[in-house]
Amino acid sequence: MQLLLQQVIAGLANGAIYALMALAVVMIFLAIDHLNFAQGEMATFSAFVAWQLIAWGTPYWVAFIAVVILSFIGGVAIERIMFKPLHNASILSQLVAFIALFSILNSGDGYLWDYTIKTFPTPFGTSPFFGSVLIGSHQAGMIAVTAVLLVFLYLFFRGTRLGLAMRAAAHNPESARLVGIRVGWMTALGWGIAAAIGAIAGMLIAPIVFLDPNMMFGVLLYGFAGAVLGGLTSPGGAVLGGFAVGVIENIAGTFIPYFGRDLKLTIALLVIVAVLMVRPTGLFGRTAVSRV
Amino acid sequence: MMLEVDGLNAFYGEQQALFGIAFALDDGRVRTLLGANGAGKTTVLRALSGMVRTEGDIRFEGKRISGWATEDIVRLGIAHVPDGRGTFLRVTVEENLQLGAITRNDRAGITADIERVYSHFPRLKERRGQQAGTLSGGEQQMLAVGRGLMLQPRLMLLDEPSFGLAPRLVEELFEILRRVNEEMGVAMLIVEQNAALALELAEHAYLLETGRIVMDGPAAVIGADESIRRAYLGY
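Basis of the calculations
All chains use their own residue numbering, which begins from 1 and follows the written sequence. All chains are assigned letters beginning with A, and all ligands numbers beginning with 1, in the order in which they are written. With the structure being a predicted model, the display of local features is reserved for residues of pLDDT at least 70 and the display and counting of side-chain atom pairs for 80 or more, all residues being used for whole-chain, interface and lining totals. Strands here mean DSSP runs of E at least two residues long; helices mean DSSP runs of H or I at least four residues long; both are numbered from the N terminus. Between the two quantities, the radius of gyration covers C-alpha atoms and the globule rule is 2.2 Å times the number of residues to the power 0.38. Our contact criterion uses C-beta atoms placed from the backbone: two residues qualify when those atoms are within 7 Å. Any residue with 12 or fewer other C-beta atoms within 10 Å of its own C-beta is exposed, any with 20 or more is buried, and the rest are partly exposed; the C-beta atoms used are placed from the backbone. Each residue is assigned to one class: nonpolar for Ala, Val, Leu, Ile, Met, Phe, Trp, Tyr, Cys and Pro, charged for Asp, Glu, Lys and Arg, and polar for all the others, Gly among them. Domain limits in this description derive from either an automatic procedure or a database domain assignment. As used here, a nonpolar core is made of buried Ala, Val, Leu, Ile, Met, Phe, Trp, Tyr and Cys residues. They are joined through C-beta atoms within 7 Å. Here, strands pair whenever DSSP counts at least two bridges between them. Lines fitted to C-alpha atoms define the axes here, with helix axes fitted over just the stretch in contact, and angles between the N-to-C directions of these axes take values from 0 to 180 degrees. For every residue, the predictor reports its confidence as pLDDT, a number between 0 and 100.

A. Quick look at the overall build of chain B. For chain B, the count of helices and strands is 10 helices and 10 strands. Against the globule reference of 18 Å for 235 residues, chain B gives a C-alpha radius of gyration of 17 Å, in line with a compact fold. For chain B, restricting intrachain contacts to residue pairs at least 6 apart in sequence, the fraction spanning at least 24 positions comes to 66%.

This is the structure in structure tokens:
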């Protein structure tokens, strides 16, 4: 029983990161109807910048805040420079752009910081959380930071006029223009927020998986699985999906014989396939309806 | 002249939909565009809002706005209430009204205007916390008009405001439009299938056929001419 509880809580800690990646993916999906395959590489790049700042002697939380802000600006810049011109391009052109962004960031990491695995500091320590055998203090810190971020985002989207304008632009771009919302800038803002969320996820997961240019590959896959499970059109659903995938992954890895640690990544893919077969819109997603 | 349109062509892709449209609208006046389905009435409104590719001249209060982005045109005070309503279905009634005022910054004024819209449409007040998608067709149409009013517009472009409404609601809605025009001096350009109603509210009417204005005149004259009514207005 304790083992189960332990695995569930550890799953929630990883799930927090998947939830953030799922949310980042959904933010961009709602704005431009495409999956951002480079979301993980954006997060990795952010984590490298944080690592560099800390290596230069910047205090952890100063580096953390600085990287969140820089990532936001970087996300906005990527949209304005790279994806805005492709706004009306075919789906294949956009796909190529995502692959390009992926490679640029991935090899950029390797070029700037080489491919050796680096340790990444945690501000929470690695000791058991308050003497608990259930969870380490870094895991507890991951869950706490994620919770604070989710509350902040909820208040932003539900309680501010800018958040309302972003929701309106994502749901109904044509009507949004008719009330004077600059839809293009709302899309760029969505990219900025997604990049900032990803940066936080990257900095939180890096102490566990260690920092290298391919750090987020598996994590993003889990994030996709969470987003598909919860519904690509539902930010709240994506968050729940991310947490669920974290727990499923951990429990299956522990309790299903032979599956073990090696095939854990397979579970993410199984979740994606199963959901797409049974309920393509995800648990909380909506069917796209277009008026013609 | 508040709005002057001259030599306006409009295109959907390669397909030309409007041919040399010219008309004008004075401050605080109401005019109507009439014609059969597919005559190009909706396209005229979409052209004015920068939602289709156009050639020619559109001037609003002396500024040439042809080629402008929709959101910039809206910010001049032109509220377009599209057909198919165009409300935001997934946010609440009250949030829809707030979105109508998203370009404004006077918080107190916005709150007061929301109350004013509620006084025009009490039913919306009852449903203020509901998602717009749960409203009936008539309520959504009222919400769309209310949202347009939240811009504090100088000009309203109304596309088939009576569409899908029960006759009693149609009269109620047009009575409210008349009050808005008289009390707030909002100019209106109305596209309507229900020509009789539009001719009652408007002072001048334009008849469209296959993307061209084929006739225009004072609403009373157009409405009284039986041959025009039979040929173009279908009643």
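B. Examining the overall build of chain A more closely. When you go through chain A residue by residue, the secondary structure sums to 11 helices and 0 strands. N-terminal to C-terminal, the α/β element order of chain A is α-α-α-α-α-α-α-α-α-α-α. For 292 residues, the compact-globule estimate of 2.2 N^0.38 gives 19 Å, and the C-alpha radius of gyration of chain A, at 19 Å, lies within 12% of that figure. Seen through its principal axes, chain A has C-alpha atoms that stretch 55 × 50 × 35 Å. For chain A, with 292 residues in total, the buried portion stands at 47%. Looking at chain A alone, contacts between residues at least 24 apart form 72% of all its contacts between residues at least 6 apart.

C. Just unusual backbone geometry, in detail. All names here are of chain B. Within the chain, Glu 160 stands out as a residue other than glycine whose phi angle is a positive 50°. Here Glu 160 lies in the loop between strand 7 (155-159) and helix 7 (167-184). Classification of Glu 160 as buried rests on a count of 22 C-beta atoms within 10 Å. Positive phi, close to 40°, is recorded for Thr 210, a residue that is not glycine. Looking at the element boundaries, Thr 210 is found in the loop between strand 9 (204-209) and strand 10 (212-218).

D. Region of interest: the interface of chain B and chain A. At the junction of the two partners, chain B supplies 19 residues and chain A supplies 16 residues. For the side of chain B that touches chain A, the elements supplying multiple residues, two or more each, are helix 2 (70-74) and helix 3 (93-100) of chain B. The leading source of residues in the side of chain B that touches chain A is helix 3 of chain B, at 4 residues. Within the side of chain B that touches chain A, the residues separate by chemical class into 6 nonpolar, 8 polar and 5 charged.

E. Structural view of the domain arrangement of chain B. Residues and elements named next belong to chain B. Looking at the assigned domains, one finds that chain B contains domain 1 (1-77 + 156-235) and domain 2 (84-152). If you look at the interface, domain 1 gives 12 residues, while domain 2 gives 11 residues. Residue contributions to the side of domain 1 that touches domain 2 peak at 4 residues, all from helix 7.

F. Broad picture of the nonpolar core. Of all hydrophobic cores here, the largest spans 162 residues; its most connected members are Ile 17, Leu 20, Met 21, Ala 22, Leu 23, Val 26 and Ala 47 of chain A. Residue contributions to this core reach at least three from each of two domains, namely domain 1 (1-77 + 156-235) and domain 2 (84-152) of chain B.

G. Main features of the sheet that holds strand 2 (residues 15-25) of chain B. Residue and element names in this part refer to chain B. Pairing is antiparallel in the open sheet, where 4 strands are placed in the order 2-1-4-5. Unpaired on one side and paired on the other, strand 2 and strand 5 (63-64) mark the two borders of the sheet. Inspection of the sheet shows strand 4 (residues 53-60) paired to strand 5 by 2 bridges, in the antiparallel sense. Within the sheet, the bridge partner assigned to Phe 60 lies in strand 5 and is Lys 63. Contacting strand 1 (3-12), strand 2 and strand 4, helix 1 (residues 41-48) crosses the sheet at an angle of about 75° to strand 2.

H. Spatial organisation of the confidence of the model for chain B. Per-residue confidence for chain B gives a mean pLDDT of 91, with 98% of residues at or over 70. Model confidence for the complex is summarised by a pTM of 0.89, with the ipTM given as 0.90.

I. Here's a closer look at the sheet that holds strand 7 of chain B. Residues and elements named next belong to chain B. The 6 strands are arranged 6-7-8-3-9-10 in an open sheet whose pairing can be described as mixed. Only two strands of the sheet have a single neighbouring strand rather than two, namely strand 6 (78-81) and strand 10. Averaged over all neighbouring strand pairs, the angle between strand axes comes to 15°, with direction disregarded. Across 5 bridges, strand 3 (residues 30-35) lies against strand 9 in parallel orientation.

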